[in-house]
Amino acid sequence: GNGAGILRHVLGGRQTGIESALSQKTGLDGNNIKSLLITLAPLVLGALGKAKREQGLDAGGLGSLLGGESRSLASRKPQEMDLLGAVLDSDGDGDVDINDIAKQGGKFLGKLFGN
């Protein structure tokens, strides 16, 4: 239940489209993608919460952390970045920029603080 709720909160109406895009890119069945995202959502949220606590991050700091990780992954593993881009492209403009990262970071922080 927690993973599904986190996904609904963070992805909203884009969840089905993201699942479909990930299914097409990975070749995995859509139901497997959905199950995987439900399993991973609390783990990712927990890791972000841990980073927030340990590093004293606010929304801007979390956005910077996610942006740095995104750039690092893009330089090392561009194919994996395509998958991540499908999830992080909040405004649907085809690129992951600071607006997308800030929006996702704000949603994660809102979830961390129970808002």
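This text goes with the structure placed above it.
Residues numbered from 1 in each chain as written. Predicted model: local features only at pLDDT ≥ 70, side-chain atom pairs only at ≥ 80, totals over all residues. Heavy atoms only, no water.

**Considerations on the overall build of the protein**
Then step 1. A count of helical and extended segments in the protein gives 6 helices and 0 strands.
Then step 2. Helices and strands in the protein line up, N terminus first, as α-α-α-α-α-α.
Then step 3. Expressed as a percentage of its 115 residues, the buried residues of the protein come to 34%.
Then step 4. Restricting the contact set of the protein to residue pairs at least 6 apart, pairs at least 24 apart contribute 56%. (Helix = DSSP H or I, 4+ residues; strand = E, 2+ residues; numbered from the N terminus. Buried < 20%, exposed > 50% of the residue type's maximum accessible area, 1.4 Å probe, protein only. Contact = heavy atoms within 4.5 Å.)

**Quick notes on the pattern of salt bridges**
Then step 1. For the structure on display, the rule yields 1 salt bridge.
Then step 2. The residue E54 makes a salt bridge to K50 at a minimum N-O spacing of 4.0 Å. Of this pair, E54 and K50 both sit in helix α3 (residues 30-55), 4 residues apart, which is roughly one turn of that helix.
Then step 3. According to the relative accessible area criterion, E54 is exposed, its value standing at 59%.
Then step 4. By relative accessible area, K50 is classed as partly exposed at 45%. (Salt bridge = Lys/Arg side-chain N within 4 Å of Asp/Glu carboxyl O.)

**Side note on the environment of L66**
Then step 1. Relative to the helices and strands, L66 resides in helix α4 (residues 59-76).
Then step 2. Distance in space between the C-alpha atoms of L66 and L48 is 9.3 Å, their sequence separation being 18 residues.

**Section: the nonpolar core**
Then step 1. In this structure, I6, L7, V10, L11, I18, L22, I33, L37, A41 and L45 together form the largest nonpolar core, which totals 10 residues.
Then step 2. Sorting the residues of this core by element identifies α1 (2-11), α2 (15-26) and α3 as the ones contributing at least two each. (Core = buried A, V, L, I, M, F, W, Y, C linked by side-chain atoms within 4.5 Å.)

**Let's talk about the packing of α2 against α3**
Any two packed helices are characterised by how steeply their axes cross, that is the angle between the axes, and by the distance between the axes.
Then step 1. For the pair α2 and α3, interaxial distance at closest approach is 9 Å and the crossing angle is 115 degrees. Our pair here, α2 against α3, has a crossing hand that is right-handed. On α3, the residues touching Q15, E19, L22, S23 and T26 of α2 are G30, I33, K34 and L37.
Then step 2. Tallied by class, residues from the contact of α2 with α3 come to 3 nonpolar, 4 polar and 2 charged. (Axes fitted to C-alpha atoms, helices over the stretch in contact; angles between N-to-C directions. Left-handed = near helix turned anticlockwise from the far one by under 90°. Nonpolar A, V, L, I, M, F, W, Y, C, P; charged D, E, K, R; others polar.)

**Details of a nonpolar patch on the surface**
Then step 1. A contiguous nonpolar patch, built from L28, L36, L40, L43 and V44 and spanning about 420 Å² of accessible area, is present on the exposed surface.
Then step 2. A relative accessible area of 41% means that V44 is categorised as partly exposed. (Patch = residues over 30% accessible without salt bridge, like charges linked within 9 Å, V, L, I, M, F, W, Y side chains within 5 Å. Areas by Shrake-Rupley, 256 points an atom, 1.4 Å probe, with all protein chains shown as cover.)

**Quick notes on the environment of D29**
Then step 1. Within the fold, D29 resides in the loop between α2 and α3.
Then step 2. For D29 and E19, which are 10 residues apart along the polypeptide, the C-alpha to C-alpha distance reads 9.4 Å.
Then step 3. At a separation of 2.9 Å, a polar atom in the side chain of D29 contacts the main-chain amide nitrogen of N31. (Polar contact = N/O pair within 3.5 Å; in protein donor to acceptor, adjacent residues only side chain to side chain.)

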